[in-house]
Amino acid sequence: MPTSLCRCHLSLYKLLSLSSIHENVHLLEKQLECTTDEIIQVDLLNSIAFELRHLNSTLSMQKSSEAAAQAERIGYRKGTAAALLNQGFGEMNQANYTAAFLTLHKAIAIFDELNDEPGRGQALYINGLIYMRIGDNNASLDALNQSLAIRRSVGDHKGEAACLSQLGYIFLQFGSLDQSFDYFQQGLAIERQINNKAGIGLSLMAMGMLEKKRERYAEAEAHLLESLRIRNELGETEGWLVSMNYVGELYLVQNRLDEAARCLDEAIVKAEQQMPPFPNSLCKLYTARAKVATGIHDHSQAIDYLEKALHQATVHNVKYQLHNIYQALVEVYKQKEDYRNALTNYEKYHQAKEEVINLEVITKLKNAELANQIEDERKKAEIHRLRNIELKNAYVQLEARQAQLIQSEKMASLGELTAGIAHEIQNPLNFVNNFSEVNRELIGELIDEADKRNIEAVKEIANAIMDNEERINRHGRRADAIVKNMMQHSQSGNEQKEWINMNGLCEEYLRLSYHGLRAKDKTFNSEFDTDFDESLDRVYVIPQAIGRALLNLFNNAFYAVNERKLKSNGPFNPKVLVATRKENKKAVIKVIDNGYGVPQNLVEKIFQPFFTTKPTGQGTGLGLSLSYDIITKGHGGTLSVRSTEKEGSEFMIELPIN
């Protein structure tokens, strides 16, 4: 597309006074006022809820509830199922994923009863979105493929295109660009066929992003500009800003700096006028505009834009943008040859990056627990359904199978989580690599200053290099030890017994537990100590399984002392002690805490599945049960507890050495 035509497209943006969604809702409400047919009323309420699902989740769910109540009263099962679909979508948008999943499970049961394949396809599609939001891309892939097959079989072209687009995003997450592009292209072809402009605009933007990654810039520009035109026509303010940012970044990577500046300036003006603002888009636009200024060596302008970006990110808590902003500041100061400020911002970059990594790890842990909770609730709902239709034999079999599945899935998930954490911990290695690169540049500067016999500058640069080397050494040793050990102990596919140093395993998981809790809660603090018997021989165990059992015990101990500290009025020193002994051909491991202890009437229940003393939402009740099974059934050992209220608890593991 010629540059002049491009500028014409970029200047066309005008917000429409009334969106097509508002018009549709207004028309449906008029029809609702004019009909007395109760079935039609339910259908219209469901249609209104569907139209409002992206615009106003609360109002959408209110209309869904009205539709569900009336449908139940008149026995209109299809209307009930449609209302449940809208309700589940609203609950998903409000991040109430467990409730959404259970609501959709009820809808699917009704669709199965009615043999309604289109409805079942819709429900599976929303299930796929839920799984994607909680980070379970494999489960999302399975649900979306099921939905896609159904929607193709019933000729639901709009639903088919939606499934293809979501599958494209999943493969983009996997890094499979060719497969991702293929899905987006298939979806776009269908969207054009049915003239769904919103879908066309979204697919074009996604394809433009992919083509940019593949360095096919002409194709990327064509897709992005067409996406801009469509989003302009639809009045999608935020979508337009996102597309404008991608166009600006595309011009930037091609060194078309004047065009990039014009594009980004127009978008920034529009973004700054929005109330409420779009802070995420503004941060990205300011950062991209700063890169343009850096490209023409206008350092003052670049720093000004980045300070605006920092202000937006700080005020609106857009933490995921901070490391990108600091990284751009590093480039500006390096170009200015202001290495002191470059190093300062480089440290801030890594602090922000590490915070993002920690948040991602915590989110993965929470999402994994949520996925298990959703699956548990789904099974319970299925059991309840079978009980209601008096299939007693099927219920008993499913209940027994449920107990087996919960145990095996919890065991497997812990191993998978460990592997994920180990993978994420490798990110500190970026610190080593990047500061090594900075040191190379500083060494070049050092040589130049030495040639000039500028002794003060040489000393200053040498000190900076020495500081960086200390950081590299510290982070390198920390990451190397953690990654090697954790990857070894988290291989869930091949759990074999081997001879291991039990003292070393205890110390490793004790530190992992402590620092893991610190990562989730910066205020958490506790003294911990070890009393290891150096004569304890190597023990023949499955290290991954024993590690999971130890981690549960250590986490519980730290939780107990922290709870007592939070509730104590006077001074209290929380402490956890881990001791090992070799006694009567057994390895004895004791985990001792000075928390509140466990009441005597609860001690006998403490190893039962689903029993927990923690508040609702803070524990699954499976940790100690799994640990008990690992020790007793998996290794022929014993796990016992002694507890005194207001003094603390002592958990003792005994494992045969031979």
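Residues numbered from 1 in each chain as written. Predicted model: local features only at pLDDT ≥ 70, side-chain atom pairs only at ≥ 80, totals over all residues. Heavy atoms only, no water.

Here we look at the overall build of the chain
Looking only at helices and strands, the chain has 25 helices and seven strands in total. In the chain, buried positions account for 46% of the 658 residues. Per element, the accessible surface of the chain, about 33100 Å² overall, is 49% carbon and sulfur. (Helix = DSSP H or I, 4+ residues; strand = E, 2+ residues; numbered from the N terminus. Buried < 20%, exposed > 50% of the residue type's maximum accessible area, 1.4 Å probe, protein only. Areas by Shrake-Rupley, 256 points an atom, 1.4 Å probe, with all protein chains shown as cover.)

With respect to helix 3 (residues 38-51)
Taking 1.5 Å as the rise per residue, helix 3 with 14 residues should run 20 Å; its terminal C-alpha atoms sit 20 Å apart, in good agreement. Buried within helix 3 are the following residues: Gln41, Val42, Leu44, Leu45, Asn46, Ile48 and Ala49. Two to three positions downstream of the cap, the backbone nitrogen of isoleucine 39 sits 2.9 Å from a side-chain oxygen, assigning the N-cap of helix 3 to aspartate 37. (Expected span 1.5 Å × (residues − 1). Polar contact = N/O pair within 3.5 Å; in protein donor to acceptor, adjacent residues only side chain to side chain.)

Quick notes on the pattern of salt bridges
Between side chains of opposite charge, a pair can form when the charged atoms approach closely. Tallied over the full model, the rule gives 27 salt bridges. Notably, a salt bridge pairs glutamate 72 with arginine 77, separated by 3.8 Å at the nearest N-O pair. For glutamate 72, a relative accessible area of 48% translates into the label partly exposed. On the basis of relative accessibility, which here comes to 30%, the residue arginine 77 falls in the partly exposed class. A single network of salt bridges, built from pairs that share partners, joins Asp178, Glu211, Arg214, Arg216 and Glu219. (Salt bridge = Lys/Arg side-chain N within 4 Å of Asp/Glu carboxyl O.)

Thoughts on helix 12 (residues 217-234)
Given a rise of 1.5 Å per residue, 18 residues ought to cover 26 Å, and the 26 Å separating the end C-alpha atoms of helix 12 matches this to within 8%. The set of residues buried in helix 12 consists of Ala220, Glu221, His223, Leu224, Leu225, Ser227, Leu228, Ile230, Arg231 and Asn232. Immediately downstream of helix 12, the backbone of glycine 235 shows phi near 75°, a positive value.

Regarding unusual backbone geometry
Unlike most non-glycine residues, arginine 453 shows phi in positive territory, near 60°. Backbone geometry places lysine 585, a non-glycine residue, at a positive phi of 60°. With respect to the secondary-structure elements, lysine 585 resides in the loop between strand 4 (575-583) and strand 5 (586-593). The exposed category is assigned to lysine 585, whose relative accessible area is 65%.

Comments concerning empty space enclosed by the protein
Within the structure shown, the criterion is met by one cavity of 30 Å³ or more. A volume near 80 Å³ is recorded for the largest cavity. Surrounding the largest cavity, Val330, Lys334, Tyr339, Ala342, Leu343, Tyr346, Val438, Glu441 and Leu442 form its lining. Contributing elements (two or more residues each) for the lining of the largest cavity: helix 17 (319-335), helix 18 (339-388) and helix 20 (428-451). Looking at which element gives the most residues to the lining of the largest cavity, the answer is helix 18, with four residues. Here the residues of the lining of the largest cavity sort into seven nonpolar, no polar and two charged. (1 Å grid on protein atoms, 1.4 Å probe; cavity = no way out; pocket = protein on both sides within 12 Å on 5 of 7 lines; lining within 4 Å. Points joined across faces, edges and corners; volume = space filled by probe spheres on them. Nonpolar A, V, L, I, M, F, W, Y, C, P; charged D, E, K, R; others polar.)

A look at the packing of aromatic side chains
One pass over the full model with this rule turns up twelve aromatic pairs. Ring centres of phenylalanine 171 and tyrosine 183 lie 5.3 Å apart, and the angle between their planes is 15°; on these two criteria the pair is classed as stacked. Here phenylalanine 171, found in helix 9 (residues 157-174), pairs with tyrosine 183, found in helix 10 (residues 177-194); they are twelve residues apart in sequence, far enough to count as distant. Taken as a pair, phenylalanine 171 and tyrosine 183 share a single burial class, namely buried. Ring geometry for tyrosine 286 and tyrosine 305: centres 6.2 Å apart, planes at 35°, overall tilted. Pair noted here: tyrosine 286 is in helix 15 (residues 279-295) and tyrosine 305 is in helix 16 (residues 299-315), with a separation of 19 residues, a long-range link. (Phe/Tyr/Trp six-rings, centres within 6.5 Å; stacked < 30°, edge-to-face > 60°.)

With respect to the nonpolar core
Leu241, Val247, Leu285, Val292, Leu306 and Tyr326 are the most contacted members of the largest nonpolar core, which totals 48 residues. Listing elements by their share of this core, those giving two or more residues are helix 11 (197-213), helix 12, helix 13 (237-253), helix 14 (257-272), helix 15, helix 16, helix 17 and helix 18. Contact partners of leucine 241, with chain neighbours within four places excluded, come to Ala267, Lys270, Ala271, Phe278, Ser281 and Leu285. By size, the runner-up hydrophobic cluster in this structure holds 42 residues, among which are Ile500, Leu551, Ala587 and Ile631. (Core = buried A, V, L, I, M, F, W, Y, C linked by side-chain atoms within 4.5 Å. Contact = heavy atoms within 4.5 Å.)

Re the sheet that holds strand 6 (residues 638-644)
Pairing is mixed in the open sheet, where five strands are placed in the order 2-4-5-7-6. Single-partner strands in this sheet number two, and they are strand 2 (527-531) and strand 6. When the angles between neighbouring strand axes are averaged without regard to direction, this sheet yields 15°. Pairing geometry for strand 6 and strand 7 (residues 648-656), over seven bridges, is antiparallel. Each bridged residue has a counterpart across the sheet, and for threonine 638 the counterpart in strand 7 is glutamate 654. Strands in contact with helix 23 (residues 543-567) are strand 2, strand 4, strand 5, strand 6 and strand 7; relative to strand 5, the strand with the most contacts, it is inclined by about 25°. (Pairing = 2+ DSSP bridges. Axes fitted to C-alpha atoms, helices over the stretch in contact; angles between N-to-C directions.)

Details of the packing of helix 13 against helix 14
At their nearest, the axes of helix 13 and helix 14 sit 8 Å apart, and the two run at 160° to each other. When the axis of helix 13 is compared with that of helix 14, the two are roughly antiparallel. Seen along the crossing, helix 13 lies across helix 14 with a hand that is left-handed. For the pair helix 13 and helix 14, the contacting residues are Trp240, Leu241, Met244, Asn245, Val247, Gly248, Tyr251 and Leu252 in the first and Leu257, Glu259, Ala260, Cys263, Leu264, Glu266, Ala267, Lys270 and Ala271 in the second. A per-class count over the contact of helix 13 with helix 14 returns twelve nonpolar, two polar and three charged. (Parallel < 35°, antiparallel > 145°, perpendicular 65-115°, else oblique. Left-handed = near helix turned anticlockwise from the far one by under 90°.)

Some details on the confidence of the model for the chain
Per-residue confidence for the chain gives a mean pLDDT of 81; residues scoring 70 or more make up 80%. Long-range and interchain partners of residues 1-19, a stretch whose pLDDT sits below 50, account for 28 contacts in this model, where long-range means more than four residues apart. (pLDDT = per-residue confidence, 0-100.)

Section: the environment of threonine 58
Note on placement: threonine 58 falls in helix 4 (residues 57-74). Put simply, threonine 58 and glutamine 94 are 36 residues apart on the chain and 8.8 Å apart in space, counted from C-alpha to C-alpha.

Section: the environment of lysine 590
With respect to the helices and strands, lysine 590 occurs in strand 5. Considered as a pair, lysine 590 and valine 578 are twelve residues apart in the sequence and their alpha carbons are 5.7 Å apart.

Describing the side chain of serine 165
Its place among the elements puts serine 165 in helix 9. If near-sequence neighbours (up to four positions away) are discounted, serine 165 is found in contact with Phe184 and Ser203.

Comments concerning the pairing of strand 6
Going residue by residue along strand 6, you find Leu639, Val641 and Ser643 tucked away on one face and Thr638, Ser640, Arg642 and Thr644 left uncovered on the opposite face. Counting the residues in the hairpin turn of strand 6 and strand 7 gives three residues, including lysine 646, whose phi is positive at 70°.

Section: the pairing of strand 4
Consecutive side chains of a regular strand alternate in pointing toward one face of the sheet and then the other. Sheet topology note: the strand 2/strand 4 ladder contains five bridges and is parallel. Paired with phenylalanine 528 across the strands is valine 576, a residue of strand 4. Bridge count for strand 4 against strand 5 is eight bridges, and the pairing is antiparallel. Within the sheet, the bridge partner assigned to lysine 582 lies in strand 5 and is alanine 587.

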